[in-house]
Amino acid sequence: MNKIGNSMNEKQTTLHADPSPIRDLTNALTPKQIVAELDRYIIGQNEAKRSVAIALRNRSRRQMLPEDMRDEVAPKNIIMVGSTGVGKTEIARRLAKLVDAPFIKVEASKYTEVGYVGRDVESMIRDLTDLAVNMVKLEHTVRMKSKADRMAEERILDILFPPPRSQSPSDSEDTSQAQSKIEEDGEAVLEIYISDTSDDGVEATSSTNTDLEVNPRVSEADKAKKAQERYQKTRDKFRQMLQDGKFEDKEVEVEVKTRGNTPLIEIFSSSGIEEMDINFKDMFGSMMPKNSRKRQVSVSEAREILAQEEAEKLIDVDAVVVEAVDRVENSGIVFLDEIDKVAGRESTAGPDVSREGVQRDILPIVEGSNVMTKHGMVRTDHILFVAAGAFHTSKPSDLIPELQGRFPIRVSLKSLDQQDFKKILTEPKNALTKQYIAMMKTENLNVDITESAIDTISSLAFQVNESVEDIGARRLHTIMEKLFEQISFNAPDIEDKQICIDAEYVDEQLAEIAQNQDLSRYIL
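So, on to the overall build of the protein chain. Check the secondary structure of the protein chain and you find 22 helices and 11 strands. In the protein chain, which comprises 524 residues, the proportion classed as buried is 43%. At a minimum sequence separation of 6, the contacts of the protein chain that also span at least 24 residues come to 76%. Per element, the accessible surface of the protein chain, about 28,200 Å² overall, is 50% carbon and sulfur.

With parallel pairing, the 5 strands of this open sheet are ordered in space as S2-S5-S8-S1-S9. Looking at which strands have only one partner, the edges of the open sheet turn out to be strand S2 (103–107) and strand S9 (409–412). Ignoring strand direction, the axes of neighbouring strands in this sheet form an average angle of 20°. Bridge count for S2 against strand S5 (residues 333–337) is 5 bridges, and the pairing is parallel.

Our focus in this paragraph is the packing of aromatic side chains. Enumeration over the complete set of coordinates arrives at 1 aromatic pair. Between Arg 94 and the ring centre of Tyr 41, over which it is positioned, the NZ or CZ distance is 3.9 Å.

What follows deals with the nonpolar core. A general feature of soluble globular proteins is that nonpolar side chains tend to end up buried together. Among the nonpolar cores identified, the biggest contains 54 residues, and Met 80, Leu 483, Phe 484 and Ile 501 are the most heavily contacted of them. In terms of nonpolar packing, the next biggest core, distinct from the first, is built from 39 residues, Ile 125, Val 325, Ile 362 and Ala 387 among them.

Next up on the list: the pairing of S5. By the criterion of burial, S5 is predominantly enclosed, with 5 of the 5 residues buried. Of the two faces of S5, the one holding Ile 333, Phe 335 and Asp 337 and the one holding Val 334 and Leu 336 are both buried throughout. Both S5 and strand S8 (residues 384–389) contribute to a ladder of 4 bridges, which runs parallel. In the strand pairing of S8, Leu 336 is matched with Ala 387.

What follows deals with the confidence of the model for the protein chain. Here the protein chain shows a mean pLDDT of 76. Residues at 70 or above account for 73%. Below pLDDT 50 for its whole length, residues 1–22 participates in 41 contacts with residues either more than four positions away or in separate chains. A low-confidence stretch, residues 264–277 (pLDDT under 50), is modelled with 24 contacts involving residues beyond four sequence positions or located in other chains.

A word on unusual backbone geometry. Positive phi, close to 55°, is recorded for Gln 45, a residue that is not glycine. With respect to the helices and strands, Gln 45 occurs in the loop between helix H1 (31–39) and helix H2 (46–63). Of the residues examined, Gln 45 reaches a relative accessible area of 5% and is grouped as buried. Phi at Glu 338 is positive, roughly 55°, even though this residue is not glycine. Along the chain, the position of Glu 338 falls in the loop between S5 and helix H14 (355–367).

Looking at the secondary structure, you find Ser 394 in the loop between S8 and helix H15 (401–405). For Ser 394, the residues in contact, after removing those within four places along its chain, are Asp 340 and Ala 343.

Look at helix H16 (residues 418–426) against helix H17 (residues 432–441): their axes get within 5 Å of each other, and the N-to-C directions meet at 40°. Contacts between H16 and H17 involve Ile 424, Leu 425 and Thr 426 from the first element and Leu 432, Thr 433 and Lys 434 from the second.

The subject of this paragraph is the pattern of salt bridges. Under the defined criterion, the tally for this structure stands at 29 salt bridges. Salt-bridge contacts for Lys 105 lead to Asp 337; the nearest nitrogen and oxygen are separated by 3.6 Å. Of this pair, Lys 105 sits in strand S2 while Asp 337 sits in strand S5, and the two are 232 residues apart along the sequence. Assessed through its relative accessible area of 5%, Asp 337 is described here as buried. Across the pair Glu 367 and Arg 406 runs a salt bridge, and its minimum N-O distance is 3.9 Å. With Glu 367 in helix H14 and Arg 406 in the loop between H15 and S9, this pair connects stretches of sequence that are 39 residues apart. Bridged by salt links that share partners, the residues Glu 153, Glu 154, Asp 158, Arg 235, Asp 236 and Arg 239 form one connected network.

Let's shift gears to the packing of H16 against helix H18 (residues 451–467). Following both chains from N to C, one finds H16 and H18 inclined at 130°, their axes separated by 8 Å at the closest point. By the criterion of interaxial angle, the relationship of H16 to H18 is oblique. Two packed elements cross with a definite hand, and for H16 against H18 that hand is right-handed. Within the contact between the two elements, H16 uses Gln 418, Phe 421, Lys 422, Leu 425 and Thr 426 and H18 uses Glu 451, Ile 454, Asp 455, Ile 457, Ser 458, Ser 459, Ala 461, Phe 462 and Asn 465. A breakdown of the residues in the contact of H16 with H18 according to their chemical character gives 6 nonpolar, 5 polar and 3 charged.

We now examine a negative patch on the surface. Together, Asp 249, Glu 251, Glu 301 and Glu 304 line one region of the surface with negative charge. For Glu 304, a relative accessible area of 63% gives the class exposed.

This next bit is on the environment of Glu 310. As for its placement among the helices and strands, Glu 310 is situated in helix H12 (residues 299–314). Overall, the relative accessible area of 4% leaves Glu 310 in the buried class. Along the primary structure Glu 310 and Met 144 are separated by 166 residues, whereas in three dimensions their C-alpha atoms are 9.1 Å apart. Those residues in contact with Glu 310, other than ones at most four positions away along the chain, are Ala 148, Met 151, Ala 152 and Arg 155. For Glu 310, the side chain forms a polar contact with the side chain of Arg 155, separated by 2.8 Å.

Moving on: the environment of Ile 339. If you trace the backbone, Ile 339 turns up in the loop between S5 and H14. Note: C-alpha distance between Ile 339 and Gly 389 (50 residues apart in sequence) is 5.3 Å. For Ile 339, the residues in contact, after removing those within four places along its chain, are Ala 108, Ala 387, Ala 388, Gly 389, Phe 391 and Leu 399.

Parameters at a glance
- Residues numbered from 1 in each chain as written.
- Predicted model: local features only at pLDDT ≥ 70, side-chain atom pairs only at ≥ 80, totals over all residues.
- Heavy atoms only, no water.
- Helix = DSSP H or I, 4+ residues; strand = E, 2+ residues; numbered from the N terminus.
- Buried < 20%, exposed > 50% of the residue type's maximum accessible area, 1.4 Å probe, protein only.
- Contact = heavy atoms within 4.5 Å.
- Areas by Shrake-Rupley, 256 points an atom, 1.4 Å probe, with all protein chains shown as cover.
- Pairing = 2+ DSSP bridges.
- Axes fitted to C-alpha atoms, helices over the stretch in contact; angles between N-to-C directions.
- Phe/Tyr/Trp six-rings, centres within 6.5 Å; stacked < 30°, edge-to-face > 60°.
- Lys NZ or Arg CZ within 6 Å of the ring centre and 35° of its normal.
- Core = buried A, V, L, I, M, F, W, Y, C linked by side-chain atoms within 4.5 Å.
- pLDDT = per-residue confidence, 0-100.
- Salt bridge = Lys/Arg side-chain N within 4 Å of Asp/Glu carboxyl O.
- Parallel < 35°, antiparallel > 145°, perpendicular 65-115°, else oblique.
- Left-handed = near helix turned anticlockwise from the far one by under 90°.
- Nonpolar A, V, L, I, M, F, W, Y, C, P; charged D, E, K, R; others polar.
- Patch = residues over 30% accessible without salt bridge, like charges linked within 9 Å, V, L, I, M, F, W, Y side chains within 5 Å.
- Lys, Arg positive; Asp, Glu negative; His and termini not counted.
- Charge placed at Lys NZ, Arg CZ, Asp CG, Glu CD.
- Polar contact = N/O pair within 3.5 Å; in protein donor to acceptor, adjacent residues only side chain to side chain.

Below, the structure is given as structure tokens:
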């Protein structure tokens, strides 16, 4: 267990260590590796990729510093500026899958200034913390899986072959009940029980203890011991059959713990409507009795349900929360999209009245402050913020000066040209053309898109972006959907399963629309 944290948060000085702590940089991705991974899905924008890669590497470097210096190293927040469709959001999506750290993508435009109806900016930290808790809980669940599976197996065996009551006045009555239970399980199970009793040299009857009862020389302790040995031997055979999958489709009755419906209350408060709502749910939920209901499910389903219940019992919730909060504070990342929507000169009326107010509310969180969550206080001093915006009608300098200073790195993403469109259609792992070919393959259609067709599509996308509105790579989605419209509609009825899309076919479907700007505005 590592001692991490700082003097301002003494309650968390002793924390559970990260499952894979960075003791040296060999365990962390290098900037080149991060860029190479992003290159698999995003064309161009090398400057943005490099900035993000360096920022992520710096997170790992900071973890290796001495504790007194570590607290002084502030994250280098980034603003990515570029028109829509050039890859800003895609970088965030791929980054979320790449980093093993709490990551959340939010839109600045959905937040409102304190005092207005809507979500306050602190809710992004609450959401990030909830996400981190779920992430850590999942890791602990995976870690406890083998033990939880064994415990679930024992519970299933108790259902299939219930243990005899230990201090029962009549052993014969209990074993008779067990026998009748087994008989319900089918002939195969009955044969095991009979063979088990036969192995002991005893004739199987409706009561397994008949021979013990008629023998007055056998003591009660010997009877109980013999019955227990016979029961354990039979249970082991049941366990083997269960592991061999012979009971998977058998219906069993399991008790599932449920919590009754709790009243939903919304209260306006400084900590946010949604947070108070959550707190009241938790409060009433703890007051309400936890009910259980019986369900008829197959053994395979029962194994999953019971394993989940057992895993939850094994997890130390307090340790999960402490580790999750530590991850948020030291390696959390917030991608703040549409930051340009809250930039601009302050207006005195209309829907933009709270723009500057949202910036003022975001500022303390980016600077570093304490945010109250249902999991405790979370410090934002070392959370990395990556902001992005198109800035069509505004520019980064329209942000309030204090907020500008908290985003020292600015990256400009360039608009896409015809060559970029061609690469987007062919090079990424899940390129658009590969997606459409795979979709048509489900209809037993073999679609071949020629090189000339890709050149023509790229040229049309660039031409429409130039003449109508530059929406970047999203133009390709519109063009490809229009191109495949006839094929997609008639796919189930097409007899010729080989389809070739060449430049001539593309011109036939799209050229007239692309040349007519009025049609292009509404169709492409």
